[in-house]
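In case you want the letters, here they are:
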Amino acid sequence: NRFRAIVCDESHNLKSPEAQRTRALLPLVRRAVAAVLLSGTPALSRPYELWTQASAIAPTVFPPGGLEEFGNTYCGGRDDFNKFSGAT
């Protein structure tokens, strides 16, 4: 079954791909014919946190397995703890 449309308010809460909320919602968003993600919270300094939302609504542009490439390109690569700084 496919939803024709899904609207997600407070979509900034989807920033962590490992979070239970994100794992529950992403399959619904990806199966919908149309998806709208809304948030009034600005993404000020961490483009890395936008990945999950971008991948959900545009998987051909931001493929689900492309998080590392996105992080290396837009988020300053990895630091000593193997995490993205997110501030580039």
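Anything mentioned here points back to the structure above.
Residues numbered from 1 in each chain as written. Predicted model: local features only at pLDDT ≥ 70, side-chain atom pairs only at ≥ 80, totals over all residues. Heavy atoms only, no water.

Now for helix α1 (residues 20-31). Those residues of α1 not exposed but buried are Thr22, Leu26 and Val29. All buried residues of α1 project into a common sector of 70° when viewed along the axis, lining one side. Exposed and facing more than 90 degrees away from the buried side of α1 are Gln20, Arg23 and Ala24. Those residues of α1 hidden inside the fold are in contact with β1 (5-8), β2 (34-37) and α2 (51-57). (Buried < 20%, exposed > 50% of the residue type's maximum accessible area, 1.4 Å probe, protein only. Helix = DSSP H or I, 4+ residues; strand = E, 2+ residues; numbered from the N terminus. Arc of directions from axis to C-beta. Contact = heavy atoms within 4.5 Å.)

With that settled, consider helix α3 (residues 67-74). Within the span of α3, buried status applies to Leu67, Phe70 and Gly71. Viewed end-on, α3 has its buried residues packed into an arc of 100°, placing them on one side of the element. The inward-facing, buried residues of α3 abut α2.

Okay, the side chain of Thr52 next. By the element assignment, Thr52 lies in helix α2. A distance of 3.4 Å separates the side chain of Thr52 from the backbone oxygen of Leu14, its partner in a polar contact. Non-local contacts of Thr52, meaning those with residues more than four positions away in its chain, are made with Leu14, Lys15, Ser16, Pro17, Thr22 and Leu26. (Polar contact = N/O pair within 3.5 Å; in protein donor to acceptor, adjacent residues only side chain to side chain.)

Here we come to the environment of Pro64. Within the secondary structure, Pro64 sits in the loop between α2 and α3. Each C-alpha atom, one on Pro64 and one on Thr52, is 8.2 Å from the other, the two residues being twelve residues apart in sequence. Those residues within four positions of Pro64 in sequence are excluded, and the remaining contacts are Arg30, Trp51, Ser55 and Pro59.

Turning our attention to the nonpolar core. Counting six residues, the largest nonpolar core is built from Ile6, Cys8, Leu26, Val29, Ala32 and Ala56. Of all the secondary structure elements, the ones that give two or more residues to this core are β1 and α1. (Core = buried A, V, L, I, M, F, W, Y, C linked by side-chain atoms within 4.5 Å.)

When we look at a pair of aromatic rings, we describe it by the centre distance and by the angle of the planes. Under the counting rule described, the total for this entry stands at three aromatic pairs. Geometrically, the ring pair formed by Trp51 and Phe62 is edge-to-face, given 5.8 Å between the ring centres and 85° between the ring planes. Of this pair, Trp51 sits in helix α2 while Phe62 sits in the loop between α2 and α3, placing them eleven residues apart in sequence. Overall, the relative accessible area of 25% leaves Phe62 in the partly exposed class. Taken together, a centroid distance of 5.2 Å and an interplanar angle of 45° make the contact between Trp51 and Phe70 tilted. Taken together, the residues Trp51 in helix α2 and Phe70 in helix α3 connect sequence positions 19 residues apart. Taking the relative accessible area as the measure of exposure, Phe70 reaches 10% and is therefore buried. A network of ring pairs unites the aromatic residues Trp51, Phe62 and Phe70 as a single cluster. (Phe/Tyr/Trp six-rings, centres within 6.5 Å; stacked < 30°, edge-to-face > 60°.)

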